[in-house]
Structures are given as structure tokens and as C-alpha cells.
Amino acid sequence: MEKKPQISSTYDDMFEQGGFDQVFDLPYQSSCYYPMYHAVLKVLQNKKVENVLEVGCGSGAFAHMLFEKTHIGYRGFDFSPVAVEKAKRRTSKESAFYVADALNAENYATLSSSIICTEVLEHIPNDLELVSIWPAGTFCVCSVPNFDSTYHERFFRSEAEVAERYGKLLDIKTIARIKKPILSDISRSNFFRQLRWNRYRPKRLKELLGFGNFDEVGGWFIFTGYRVEDK
Ligand SMILES: C[S@@+](CC[C@H](N)C(=O)[O-])C[C@H]1O[C@@H](n2cnc3c(N)ncnc32)[C@H](O)[C@@H]1O
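Keep in mind it's a predicted model, so treat the numbers as computed, not measured.

So what about the pairing of strand E2 (residues 73-78)? Which residues, and what values?
Relative to E2, strand E1 (residues 51-55) runs parallel, the two sharing 5 bridges. When the sheet's bridge partners are listed, Val55 is paired in E2 with Phe77. Relative to strand E3 (residues 97-99), E2 runs parallel, the two sharing 3 bridges. Of the residues in E3, the one forming a bridge with Phe77 is Tyr98. Handedness of the crossover joining E2 and E3 through helix H4 (residues 81-91) is recorded here as right-handed.

Structure representation (C-alpha cells):
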């Protein structure tokens, strides 16, 4: 598969177009990422996290949900200026978002909050360097996919592969699987339209109803843990 260069203009172009099926312009509740965002928010709420820094915030869909549903303090950055503009517009929270490169250690120099980093590590060639500059003791919630894309440097087939890659840098506490809906737009109207259109296609109907196989329909591994002290 031909791979995109991992530079900010790649993502400016992607966010200008809205991503596949304009998924990055959808309201968070309608996005196929919603089940993953929902699971990440649950982790933060159960853990009673008070403040988060979102690394690679994209167009702000997760942030929007967090602002609407919680009082958790939030800051987010992304190296794509187009994404950051969209995040500000979506949430009307100008001061919560800024443009920055995740690999710049200065972003974490005075960090006192938890980190969330969903669907970003697989885009970064030196992802281990990124995790290594997060401060020791920081609680982190990350997600990585089980499927390939022209934007992905890597993907993961099992929890063991996730633990193998990140387990030296993070004291991993949980790894959960979240299935990806097969529709980019999971709004009710689109869901029922698709049910109607696919009523004579049993496999597709099964997948639409969420009974597809994780390895076939795709999904995410959400993992949580604490950044360990360097030896
Ligand atoms: C698939 S999007 C995920 C966006 C968001 N985290 C979400 O879950 O919806 C990947 C994001 O990573 C950002 N990204 C990739 N490399 C980055 C880097 N070195 N520094 C900051 N952001 C980066 C991209 O601009 C893009 O917004």
C-alpha cells in the first residue's frame, strides 16, 4: 500500500477534504469513531481524571464530546493548522487548542494532567520516541487500530502486539477492544437508510447490526497505563 508522508501538510489536505466520507466533519455522535471516543471518556470519568492534554486532537470531535458531557479540564494540540481551526470552530473554545508537534518535548515540560492520544501513534514513524518524552508517572489513554491505511505506519493484530510495542515505556493497566462501525456516518437516518438498502444482503446486514468479526470489520485497541521512570 502506498503510504502518505507523515508531515503536517498531509493532514491539512486530509482535514480540508474532511477525511474518508467526510468523517472528520461529522458531529461526534454520528462519527464511526464515537464508540471509541465514548470508551475513552468512560475511562477518564471512572478514573476521576480532572485535566487532560490531547495529543493530536484532529478536528476536535472527542474534545467536543468532553466539553458537552463533563467538566474535565481540556487542552489539545495538533500539528495540522487546518485541524486546529476546525476544532476551535466546532467547539467555540478558541483557547483550548493550539498548533504543535507532538514530538517536541517542550509540550510536556510542565505537564500536570493526564494524556490522551487516540489514533495518532500509528501515524508517527518514531512513535516510541513520542511516548518516551511523556513525563514519568503520567496516566495515558491511547488507541491504535487493527487495520491498515495509506496514513498508517503500522497497525496491530492483538493485545499482545500492543503490549509488546508500548509495554517498556508504559506500565499498561488495561487493553480493550472496540469494534469499528462499518458506516463512517452512524447517524440514525443513515443507519436506517443502509438497513433498507442492504435488506437482501445478510452478511452486510449482520455487520450493520454490529455482529461483524473484529478482525474483519476493523477496530481499535484502547490501552491505558502510566509512563514508567526511565532506567
Ligand atoms: C486519525 S487523526 C486522529 C485525530 C483524533 N485524535 C481522533 O481520534 O479523532 C490523526 C491525527 O494525528 C495528527 N498528527 C500526526 N502526527 C502528528 C505530530 N507529529 N504532531 C501532532 N499531531 C500529529 C494528525 O494531524 C491527525 O490530526
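Next comes the rest of the account.
Help me get a handle on the pairing of E1, residues and values and all.
Counting buried residues along E1, 4 of its 5 residues qualify, which places the element largely inside the surrounding structure. A crossover links E1 with its parallel partner E2, the connecting element being helix H3 (residues 61-69), and its sense is right-handed. As paired elements, E1 and strand E4 (residues 114-118) share 3 bridges and run parallel to each other. Bridge pairing in E4 links Glu54 to Ile116.

Just give me the short version of the nonpolar core, but keep the residues and values in it.
Of all hydrophobic cores here, the largest spans 49 residues; its most connected members are Tyr37, Val40, Phe62 and Phe221. The element contributing the most residues to this core is H3, with 5 residues. Leaving out residues up to four positions away in the same chain, Val40 has contacts with Phe62, Ile116, Thr118, Val141, Ser143 and Ile222.

I'd like to hear about unusual backbone geometry, residue by residue, with values.
If you check the backbone angles, Gln22 has positive phi at about 60° while not being a glycine. Within the secondary structure layout, Gln22 lies in the loop between helix H1 (8-17) and helix H2 (34-46). Classification of Gln22 as exposed rests on a count of 12 C-beta atoms within 10 Å. Its identity as a non-glycine residue notwithstanding, Ser92 has a phi of 60°, on the positive side. By the C-beta count within 10 Å, which is 9 here, Ser92 ends up exposed.

Mind laying out the site of the ligand, listing which residues take part and the relevant values?
Of all residues adjacent to the ligand, which total 19 residues, the nearest are Tyr11, Gly56, Gly58, Phe79 and Ala102. Residue composition of the shell around the ligand, by class: 11 nonpolar, 5 polar and 3 charged.

Give a description of the environment of Met36 that names residues and reports values.
With respect to the secondary-structure elements, Met36 resides in helix H2. For the pair Met36 and Ser143, spaced 107 residues apart in sequence, the C-alpha to C-alpha distance is 8.3 Å. What Met36 contacts, discounting residues up to four positions off in sequence, is Thr118, Ser143, Ile178, Trp220 and Ile222.

Provide a residue-level description of the packing of H2 against H3, including the pertinent values.
Two elements in contact, H2 and H3, have axes whose closest approach is 10 Å; the angle formed by their N-to-C orientations is 50°. As far as their axial angle goes, H3 and H2 are oblique. As H2 packs across H3, the resulting crossing turns out to be right-handed. Contact residues: H2 offers Tyr37, Val40 and Leu41, while H3 offers Ala61, Phe62, Met65, Leu66 and Lys69. Residue composition of the contact of H2 with H3, by class: 7 nonpolar, no polar and 1 charged.

Rules used throughout
Residues numbered from 1 in each chain as written. Predicted model: local features only at pLDDT ≥ 70, side-chain atom pairs only at ≥ 80, totals over all residues. Pairing = 2+ DSSP bridges. Helix = DSSP H or I, 4+ residues; strand = E, 2+ residues; numbered from the N terminus. Right-handed = clockwise from strand over helix to strand, strands pointing away. Buried ≥ 20, exposed ≤ 12 C-beta atoms within 10 Å, placed from the backbone. Core = buried A, V, L, I, M, F, W, Y, C linked by C-beta atoms within 7 Å. Contact = placed C-beta atoms within 7 Å. Near = placed C-beta within 6 Å. Nonpolar A, V, L, I, M, F, W, Y, C, P; charged D, E, K, R; others polar. Axes fitted to C-alpha atoms, helices over the stretch in contact; angles between N-to-C directions. Parallel < 35°, antiparallel > 145°, perpendicular 65-115°, else oblique. Left-handed = near helix turned anticlockwise from the far one by under 90°.

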